[in-house]
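Take a look at the letters that make up each chain.
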Amino acid sequence: MEITNPHTKPVRVGSLEFGGPSFAVIAGPCSIESLEQCSQTADAVKKSGAVMLRGGMFKLRTNPETFQGMGSDAFSIVREVKAKTGLPFVSEITDPRQISDFIGLVDMFQVGSRNMHNYALLKELGQVQTPVMLKRGFSGLISEWLHSAEYLVKHGNPNVVLCERGIRTFETATRNTFDLNAIAFVKQNSHFPVIADPSHATGATSLVTPMALAAAAAGADGLIIEVHPNPAVALSDGFQALTPDLFESLMNRLERVLKALDRPLAKPLT
Ligand code: PEP
Ligand code: MN
């Protein structure tokens, strides 16, 4: 069974491809907290088959009293971990003035849920060729999300990967409501690759793996998963982080689902 939409235009990130035949998994901490934490997580997720590293440097937190990220102090950590592991890196950009610092450091920009409607930021990211992972706003209609993607394209950057990360609904048992419909819908109705973020979509460690598998079955082109060596002491989003062991088990189960879908897992880099 072929689940890759023939209309999806793959987006290349270095030697990786999103939206092609293979399924790519991004993993790493919500926030970069130290060299040791970042390096330990990167080694673990790479060993289990992740092909890209995530890690927040500039965090958009709802509560201003909480950890705001290491900011530019994380740059040297990222350089060191990338050099050691060879993993490409994605991180959230929160202000157009960060673009020049991010170029060469990130292999893909992340536009977070809170910035899906930040058209000034989208226009600036349209001026570069580095791919952009555009998360869906937590109250964003699918049509608004696709329009935001078109902002990037119209301003010159066609390298857009969409990311469904859950939406706000009347339900409060979970942090967000994971909109699986959206994954199948954008695959059928746009040419953009789409990945899923079951970490933010559920906000609960125990729900991440089942929803990751569901996203793959719904036709997602990949995943982005939060992993922390010790979630109990994480400075952000520890309640939804997988330990390296749980991530390894997710990857084992994912491989079985992908096999049933006739879709290979993107190969780990050597
Ligand atoms: C994140 O990826 O850590 C994040 C803040 O995501 P979102 O923008 O989806 O809330
Ligand atoms: Mn997070």
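This text goes with the structure placed above it.
Read on for an overview of the structure. Note that this is a predicted model, so its numbers are computed, not measured.

Examining the overall build of the chain
Working step 1: Within the chain, the secondary structure is distributed over nine helices and ten strands.
Working step 2: For 270 residues, the compact-globule formula gives about 18 Å, and the C-alpha radius of gyration of the chain, at 17 Å, lands near that figure.
Working step 3: Each principal axis of the C-alpha distribution contributes one length, and for the chain these read about 40 × 40 × 40 Å.
Working step 4: Burial status across the chain gives 57% buried among its 270 residues.
Working step 5: Surface exposure of the chain reaches about 11,300 Å², of which carbon and sulfur atoms provide 53%.

A few points about the sheet that holds strand S4 (residues 52–54)
Working step 1: In spatial order, the strands read S3-S4-S5-S6-S7-S8-S9-S10; together these eight strands close into a barrel with parallel pairing. Direction aside, neighbouring strands of the sheet carry axes that sit 25 degrees apart on average.
Working step 2: Where strand S8 (residues 160–164) lies against strand S9 (residues 194–196), three bridges are found, and the strand directions are parallel. Within S9, the residue paired with glutamate 164 across the bridge is alanine 196.

Structural notes on helix H1 (residues 35–47)
Working step 1: When the terminal C-alpha atoms of H1 are compared, their 18 Å separation across 13 residues agrees well with the 18 Å that a helix rising 1.5 Å per residue should span.
Working step 2: In the stretch just after H1, glycine 49 is the one whose phi turns positive, near 115 degrees.

Digging into the coordination of the manganese ion (ligand 2)
Working step 1: At 2.1 to 2.4 Å from the manganese ion (ligand 2) lie its protein donor atoms, namely Cys30 (SG), His200 (NE2), Glu226 (OE) and Asp237 (OD).
Working step 2: On the primary sequence, the residues serving as donors to the manganese ion (ligand 2) are separated as C-x169-H-x25-E-x10-D. Separated by 37 residues along the polypeptide, histidine 200 in helix H7 (residues 198–202) and aspartate 237 in the loop between strand S10 (222–226) and helix H9 (244–260) bring together distant segments of the chain.
Working step 3: On the basis of relative accessible area, histidine 200 is assigned to the buried category, the value being 8%.

What about the site of ligand 1?
Working step 1: Cys30, Arg54, Lys59, Glu92, Gln110, Gly112, Ser113, Arg114, Lys135, Arg165, His200 and Glu226 make up every residue found near ligand 1.
Working step 2: In this structure, an oxygen atom belonging to ligand 1 sits 2.9 Å away from a side-chain N or O atom of lysine 135.
Working step 3: In this structure, an oxygen atom belonging to ligand 1 sits 2.6 Å away from a side-chain N or O atom of arginine 165.
Working step 4: Computed on the free molecule, ligand 1 has an accessible area of 300 Å², of which 96% lies beneath the protein chains in the complex.
Working step 5: Here the shell around ligand 1 is built from residues that sort into one nonpolar, four polar and seven charged.

Remarks on the pairing of strand S5 (residues 89–92)
Working step 1: By the alternation rule, side chains of S5 split into Phe89 and Ser91 and Val90 and Glu92, which are all buried.
Working step 2: Sheet topology note: the S4/S5 ladder contains two bridges and is parallel. Paired with leucine 53 across the strands is phenylalanine 89, a residue of S5.
Working step 3: Note: S5 against strand S6 (residues 108–111), three bridges, orientation parallel. Considered in S6, the bridge of valine 90 is made with methionine 108.

A few points about the pattern of salt bridges
Working step 1: One pass over the full model with this rule turns up eleven salt bridges.
Working step 2: With its nearest N and O atoms 2.9 Å apart, the salt bridge here joins lysine 187 to aspartate 221. Residue lysine 187 is found in helix H6 (residues 180–189), and its partner aspartate 221 is found in the loop between helix H8 (205–218) and S10; the two are separated by 34 residues along the sequence. For the pair lysine 187 and aspartate 221, one class covers both residues: buried.
Working step 3: Of the charged contacts in the structure, one is a salt bridge between aspartate 221 and arginine 263, with a shortest N-O distance of 2.7 Å. With aspartate 221 in the loop between H8 and S10 and arginine 263 in the segment after H9, the pair connects residues that are 42 residues apart, well separated along the chain. The residues aspartate 221 and arginine 263 share a single accessibility class, namely buried.
Working step 4: Within this structure, Arg136, Glu164 and Asp179 form a network of salt bridges that share partners.

Conventions we followed
Residues numbered from 1 in each chain as written. Chains lettered and ligands numbered in written order. Predicted model: local features only at pLDDT ≥ 70, side-chain atom pairs only at ≥ 80, totals over all residues. Heavy atoms only, no water. Helix = DSSP H or I, 4+ residues; strand = E, 2+ residues; numbered from the N terminus. Rg over C-alpha atoms; globule rule 2.2 N^0.38 Å. Buried < 20%, exposed > 50% of the residue type's maximum accessible area, 1.4 Å probe, protein only. Areas by Shrake-Rupley, 256 points an atom, 1.4 Å probe, with all protein chains shown as cover. Pairing = 2+ DSSP bridges. Axes fitted to C-alpha atoms, helices over the stretch in contact; angles between N-to-C directions. Expected span 1.5 Å × (residues − 1). Donors = N, O, S within 2.8 Å, 3.2 Å for Na, K, Ca; no water. Near = heavy atom within 4 Å. Polar contact = N/O pair within 3.5 Å; in protein donor to acceptor, adjacent residues only side chain to side chain. Nonpolar A, V, L, I, M, F, W, Y, C, P; charged D, E, K, R; others polar. Salt bridge = Lys/Arg side-chain N within 4 Å of Asp/Glu carboxyl O.

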